[in-house]
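# Summary of structural features
Letter by letter, the chains look like this.
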Amino acid sequence: MSQLEQQMRHRDKEMVPRILVQGMFALMIATLAMVAYAQWADIPNRGVLIEAPVVKSLDITMNENNDGVYQIMNAAGDVIASSTDEKAGFIGVMGRVIDRERHVHGVTGDAPVQVVRRENGHIAIIDETTAMSVELIGYGVDNVAAFARLLD
């Protein structure tokens, strides 16, 4: 065996210490055991979103123009918001999400989506054509406010 082969063999053994690999598998097995126990013992799920009743809703249509700007229109066809408005760029993000979801499901046309305020104060966007519901939790105050303003 040449000196280079000995160096490579020694180097390969030290790249990932055996104890680290054993620890990784021990962590995986412990996690699996805890989840299995929770399921068998019927421990209630925590951190699961509970959809509160809707207290206010607005049907909107989101259209993208040639510049990539999304405009939100109410049922009468009036522009009530745009992704170019101050602190409203998230409107464009959600417009792209809805467009992509509709493309994946083969939905054509520009059917309205609902922006809803729930009893617990959360804002959600519901697209019935694709059965998509996006609860705007954890997207940041300004991003949620861009849609909350539509309901005020």
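Use the structure listed above.
All values derive from a computational prediction rather than experimental measurement. (Residues numbered from 1 in each chain as written. Predicted model: local features only at pLDDT ≥ 70, side-chain atom pairs only at ≥ 80, totals over all residues. Heavy atoms only, no water.)

Our next topic: the side chain of Ser82. Here Ser82 lies in strand 3 (residues 79-82). The class of Ser82 is buried, set by a relative accessible area of 8%. Within the local environment of Ser82, its side chain forms a polar contact with the side chain of Thr84, the two groups lying 3.1 Å apart. (Helix = DSSP H or I, 4+ residues; strand = E, 2+ residues; numbered from the N terminus. Buried < 20%, exposed > 50% of the residue type's maximum accessible area, 1.4 Å probe, protein only. Polar contact = N/O pair within 3.5 Å; in protein donor to acceptor, adjacent residues only side chain to side chain.)

On to helix 4 (residues 141-151). Every buried residue belonging to helix 4 is among Val144, Ala146, Phe147, Ala148, Leu150 and Leu151, and all of these are buried. Turning to helix 4, the residues buried within the fold contact strand 1 (54-64), strand 2 (70-73), strand 3, helix 3 (89-105), strand 4 (113-118) and strand 5 (123-127). (Contact = heavy atoms within 4.5 Å.)

Right, let's talk about the packing of helix 3 against helix 4 for a bit. Orientation of helix 3 relative to helix 4, taken along the N-to-C sense of each, is 80°, at an axis distance of 8 Å. Here helix 3 is positioned roughly perpendicular relative to helix 4, judged by the angle of their axes. Residue-level inspection shows Phe90, Ile91 and Met94 of helix 3 in contact with helix 4, the latter providing Asn143, Ala146 and Phe147. Among the residues making up the contact of helix 3 with helix 4, the classes are represented as 5 nonpolar, 1 polar and no charged. (Axes fitted to C-alpha atoms, helices over the stretch in contact; angles between N-to-C directions. Parallel < 35°, antiparallel > 145°, perpendicular 65-115°, else oblique. Nonpolar A, V, L, I, M, F, W, Y, C, P; charged D, E, K, R; others polar.)

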